[in-house]
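Take a look at the letters that make up each chain.
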Amino acid sequence: MADSSSSLHPLCERISHKSYVLRAVDLTILGLLYSLLLYRILHISENDNVWLLAFFCESCFSLVWLIFTCLKWSPAEDIPYINRLNERVHDLPSLDMFVPTADPVRESPIITVNTVLSLLSVNYPANKLACYVSDDGCSSLTYFSLKEASKFALIWVPFCKKYNVRVRAPFRYFLEPLVATDDSEFRKDWKMTKREYVKLCRKVEDATGDSHWLDADDDFEAFSNTKPNDHSTIVKVVWENKGGVGDEKEVPHLVYISREKRPNYLHHYKTGAMNFLLRVSGLMTNAPYTLNVDCDMYANEPDVVRQAMCVFLQNSKNSNHCAFVQFPQKFYDSYTNELAVLQSILGRGVAGIQGPFYIGTGCFHTRRVMYGLSSDDLEDNGNISQVATREFLAEDSLVRKYGNSKELVKSVVDALQRKSNPPKSLANLIEAAQEVGHCHYEYQTSWGNLGWMYDSVAEDINTSSGIHLRGWTSSFISPDPPAFIGSTPTLGLEAIVQQRRWATGAIEVLFNKQSPFMGMFHGKIKFRQRLAYFWALMCLRSIPELIYCLLPAYCLLHDSALFPKGPCLCTIVTLVGMHCLYSLWQFMSLGFSVQSWYVVQSLWRIIATSSWLFSIQDIILKLLGISQIGFVIAKKTIPETKSVYESKPSQGEDDVPKLNLGKFEFDSSGLFIPGTFIMLVNLAALAVFLVRLQRSSCSHGGGGSGLAETCGCILVVMLFLPFLKGLFEHGKYSIPLSTLSKAAFLTVLFVFFCVGK
């Protein structure tokens, strides 16, 4: 293992990114916000009730900025030094890699296959790796795709390691044409490898079109007469690495699993699948560390595992207290640049406190921590304390916590005591693995309070909160190029549905056992880290944002003032200008363009506000016991071009599936009514205001509306520009007549209400 000499340079370092200039900007904006609030308090008696609403909204915005200022105060990240790791550590620890998928229609098997292939080919000894794919849809097509992928992996993995290929997801690598080279052997291998990949894609595509012929194969008998929500446990060893010496031609273990599902049993969606992955991997390979990635999030950096191990193996007094290493999510799609900026700010911000949140993918976990250990349960040397030994390793405690599988209990004991795991024949463990996948296995155990946490559809934030409450820290690494890159849903309903689930799950966390506020007095979490989890309430910001978007229109229609007059108006102008320039600088510092900044501000605000509004509705209905929150799978797609993090593809012969992105998609869902309503109201207000100007019947002195309110309406229309375009588009890019008519009816009511007052 690692050399223990204290004179050696560290395997990783924590780098501070604090900036006194940015702190000054944050405090200036905060000061302007509170000066605006003070002005409204002093002059509230001179204006009508609209100022009360404006005061409420601006108070919410001030609170949000205060929280984010606290989070951004001491940003940091960990920098790994893999060259030092390679020199010192010759017996690397094992790693189990988890890839969950649930629907072969919404999550195409070829996407999952590429993610798996990228993981199997990372720069790490193959005998130290095992990849487990959880299929919650119990799809024979997914299993067939993995079988074919395992055959191609025998070609792909050696090819990547022989030529040190950087991008190890085939569908990304083959976007580039063959580069002219004198190496005839490379040209030959490249063409042969691409030919085999094209064959793989065609086989999967053919099976997708007609999967009935799979039933004739005995290996698919387990999938006969099954339904996604009604089937027995299936565990199949797709490929077993029997070499076991770490040769570059070896391919790591690949295991397919699908837990038992029955209509009348609670399955806890993705969270339950992750806990099944944890149990099965514990039985079969029991690696001390695990990695989980979404099925569309491929490994973009071949050395990503070694980067994470630099943190885990770092010889310092806090090394045993790092529970997980989180890498940021990067995406293909331009509208998700807002997420990239948010993760850069929030990720580095909380990394300087107790550590980043677990965000559900691209995360390396410590198995012992997932089994429920707290930071206080360890001695200085990393071994379990005597008190924790009595609590965790007593026979009755093991069964009560982890279930009645003797094989699993033994593997848990080995993991908690950091015992090495001798190689086993995976085929001999299938029966034991099937046992821990039964519907009733978790009943009267602690699963859900250990492993991945239940009681929220946002399993990542929920689990992260539980880990930090137990006193653990986490690490944030943001390498260049990015460690993982994935896709997001198409613009429109799919994106809003995904954001709605994230927001709903985040709020759920605040009301369950893992809430950082419920554990205010007994948790081991730092105060600023608790405050960081308060971002879960950011979705409540949708209410004041929607109200604020209507206030300029109301004031124009009602001929009342929203903003201060005279010199005091400079406060608003300065505040808006500073915020826009600050936001623009954040985008451009990460390599994004001005156009990208504007487009993202518009699209992200629409998606976030619409989804957050309905997530509040979901939470209210759940708290009232009227309905439960479901888990909706977002549709995953393969992009047609390389992401902003990679070089642009050449126009060449590609047999890779494509995706056409760019426009905002609408449907008749009620999710699009608020945005359409806001856009129409502000257009109507501008029209009424112009008519008044032409008739010279509107006085702009005193407390009436004027240029500031007009500019406010124009700004809102610009933010909701995709809805304005939707009035003139056709097909799925146009606003449906049903949505438009409902929004128009609400607009008429709003206009009559304002004008009639």
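Here the structure is a predicted model, which is why all the values come from computation and not from measurement.

Another aspect to go through is the overall build of the protein. What the protein contains, in helices and strands, is 25 helices and 13 strands. Of all intrachain contacts in the protein linking residues separated by at least 6 positions in sequence, the fraction that spans at least 24 positions is 83%.

This paragraph deals with the side chain of Asn123. Inspection of the secondary structure assignment puts Asn123 in the loop between helix H4 (109-120) and strand E4 (129-135). Asn123 sits in the buried class, given a relative accessible area of 17%. Of the polar contacts made by the side chain of Asn123, one reaches the side chain of Asp303; its length is 3.2 Å. Once you skip the residues sitting within four places of it in the chain, Asn123 turns out to touch Lys161, Asn164, Arg168, Pro302, Asp303 and Arg306.

Next up on the list: helix H1 (residues 20-43). With 24 residues, H1 ought to run about 34 Å at 1.5 Å a step, and its terminal C-alpha atoms sit 34 Å apart, in line with that. Looking at the buried residues of H1, the elements they touch are helix H2 (50-71), helix H19 (542-558) and helix H20 (569-589).

Glancing now at the UniProt feature "binding site: UDP-alpha-D-glucose" (unreviewed entry) in the protein. Per the UniProt annotation, the sites labelled "binding site: UDP-alpha-D-glucose" (unreviewed entry) are Glu107 and Asp136. For the annotated residues, spread through 30 residues, the largest C-alpha to C-alpha distance comes to 11.4 Å, consistent with a single compact locus. Among the secondary structure elements, Glu107 is positioned in the loop between strand E3 (95-101) and H4. Using a relative accessible area of 7% as the deciding quantity, one classes Glu107 as buried. At a separation of 2.8 Å, a polar atom in the side chain of Glu107 contacts the side chain of Thr101. Mapped onto the elements of the fold, Asp136 is located in the loop between E4 and helix H5 (140-163).

Okay, the pattern of salt bridges next. Counted according to the given criterion, the structure contains 22 salt bridges. Put simply, Lys270 and Asp294 hold a salt bridge, and the shortest N to O gap is 2.9 Å. With Lys270 in helix H8 (residues 269-284) and Asp294 in the loop between strand E7 (289-292) and strand E8 (298-299), the pair connects residues that are 24 residues apart, well separated along the chain. On the basis of relative accessibility, which here comes to 16%, the residue Lys270 falls in the buried class.

Attention shifts here to the UniProt feature "binding site: Mn(2+)" (unreviewed entry) in the protein. Residues annotated by UniProt as "binding site: Mn(2+)" (unreviewed entry) correspond here to Lys270 and Asp294. These annotated residues cover 25 residues of sequence, and their C-alpha atoms all fall within 10.5 Å of one another, placing them together at a single site. Given a relative accessible area of 18%, Asp294 falls into the buried group.

Another point: the pairing of strand E2 (residues 76-80). Along E2, four of the five residues are buried, which leaves the element largely enclosed by surrounding structure. Where strand E1 (residues 12-16) meets E2, five bridges bridge the pair, whose relative direction is antiparallel. Among the inter-strand pairings, Ser16 is bridged to a residue of E2, identified as Ala76.

What follows covers the sheet that holds strand E11 (residues 363-366). With respect to topology, eight strands assemble into an open sheet ordered E5-E6-E4-E3-E7-E11-E9-E12, the strand pairing being mixed. One side of each edge strand has no neighbouring strand; the edge strands of this open sheet are strand E5 (234-239) and strand E12 (473-476). This sheet shows a mean twist of 20° between the axes of neighbouring strands, independent of strand direction.

For the pair H8 and helix H14 (residues 406-416), interaxial distance at closest approach is 9 Å and the crossing angle is 80°. As summarised for this structure, H8 and H14 are arranged roughly perpendicular, according to the angle between their axes. Contacts between H8 and H14 involve Arg279, Gly282 and Leu283 from the first element and Glu407, Leu408 and Ser411 from the second. For the contact of H8 with H14, the residue count by class is two nonpolar, two polar and two charged.

Soluble globular proteins tend to pack their nonpolar side chains together in the buried interior. Core analysis: the biggest nonpolar cluster contains 78 residues, and Leu95, Cys131, Met309, Val325, Phe327, Phe364 and Phe484 have the highest contact counts within it. Broken down by element, this core gets its largest block of residues, 11 residues, from H5. The contact partners of Phe484, leaving out residues within four places of it in the chain, are Leu291, Val293, Met297, Tyr298, Ala299, Asn300, Val304, Phe327, Pro328, Lys330, Gly362 and Phe364. Counting 45 residues, the second-largest nonpolar core is a separate cluster that includes Leu283, Leu393, Tyr402 and Tyr441.

Moving on to the side chain of Gln326. Mapped onto the fold, Gln326 is located in strand E9 (residues 322-326). For Gln326, the side chain forms a polar contact with the main-chain oxygen of Gly362, separated by 3.2 Å. Look past the residues within four positions of Gln326 in its chain and what remains in contact with it is Pro356, Phe357, Tyr358, Ile359, Thr361, Gly362, Cys363, Ser475, Phe476 and Ile477.

It is worth spelling out the state of the cysteines at this point. Evaluated as defined, the whole model comprises zero disulfides. No disulfide involves Cys549; its sulfur sits 9.3 Å from the nearest other cysteine sulfur, which is in Cys57. The class of Cys549 is buried, set by a relative accessible area of 14%. Free of any disulfide, Cys568 has its nearest neighbouring cysteine sulfur in Cys570, separated by 8.3 Å.

What follows concerns the sheet that holds strand E10 (residues 330-331). In spatial order, the strands read E8-E13-E10; together these three strands make up an open sheet with mixed pairing. Single-partner strands in this sheet number two, and they are E8 and E10. With two bridges joining them, E8 and strand E13 (residues 484-486) adopt antiparallel strand pairing. In the strand pairing of E13, Tyr298 is matched with Ile485.

Taken together, the side chains of Val576, Ile714, Leu715 and Met718 present a nonpolar region at the surface, about 320 Å² in accessible area. With three residues, the top contributor of residues to the nonpolar patch is helix H23 (residues 707-719). With respect to the element layout, Leu715 can be found in helix H23.

Turning our eyes to something else, we now look at the packing of aromatic side chains. Per the stated rule, a full pass over the model turns up 38 aromatic pairs. Consider the rings of Phe171 and Tyr298, whose centres lie 5.8 Å apart with planes at 80°: the pair is edge-to-face. Of this pair, Phe171 sits in helix H6 (residues 170-173) while Tyr298 sits in strand E8, and the two are 127 residues apart along the sequence. Since its relative accessible area comes to 5%, Phe171 is described here as buried. Classification of Tyr298 by relative accessible area gives buried; the value is 1%. Taken together, the ring pairs in this structure connect Phe152, Trp156, Phe159, Tyr163, Tyr173, Phe174, Phe186, Trp190 and Tyr197 into an aromatic cluster. In this structure, Lys72 is placed above the aromatic ring of Trp65, and the distance from its NZ or CZ to the ring centre is 4.6 Å. Here the basic side chain of Arg84 rests over the ring of Tyr81, its NZ or CZ set 4.0 Å away from the ring centre.

What counts, and at which threshold
- Residues numbered from 1 in each chain as written.
- Predicted model: local features only at pLDDT ≥ 70, side-chain atom pairs only at ≥ 80, totals over all residues.
- Heavy atoms only, no water.
- Helix = DSSP H or I, 4+ residues; strand = E, 2+ residues; numbered from the N terminus.
- Contact = heavy atoms within 4.5 Å.
- Buried < 20%, exposed > 50% of the residue type's maximum accessible area, 1.4 Å probe, protein only.
- Polar contact = N/O pair within 3.5 Å; in protein donor to acceptor, adjacent residues only side chain to side chain.
- Expected span 1.5 Å × (residues − 1).
- UniProt positions renumbered as here; feature names shortened; annotations may be inferred.
- Salt bridge = Lys/Arg side-chain N within 4 Å of Asp/Glu carboxyl O.
- Pairing = 2+ DSSP bridges.
- Axes fitted to C-alpha atoms, helices over the stretch in contact; angles between N-to-C directions.
- Parallel < 35°, antiparallel > 145°, perpendicular 65-115°, else oblique.
- Nonpolar A, V, L, I, M, F, W, Y, C, P; charged D, E, K, R; others polar.
- Core = buried A, V, L, I, M, F, W, Y, C linked by side-chain atoms within 4.5 Å.
- Disulfide = S-S within 2.5 Å.
- Patch = residues over 30% accessible without salt bridge, like charges linked within 9 Å, V, L, I, M, F, W, Y side chains within 5 Å.
- Areas by Shrake-Rupley, 256 points an atom, 1.4 Å probe, with all protein chains shown as cover.
- Phe/Tyr/Trp six-rings, centres within 6.5 Å; stacked < 30°, edge-to-face > 60°.
- Lys NZ or Arg CZ within 6 Å of the ring centre and 35° of its normal.

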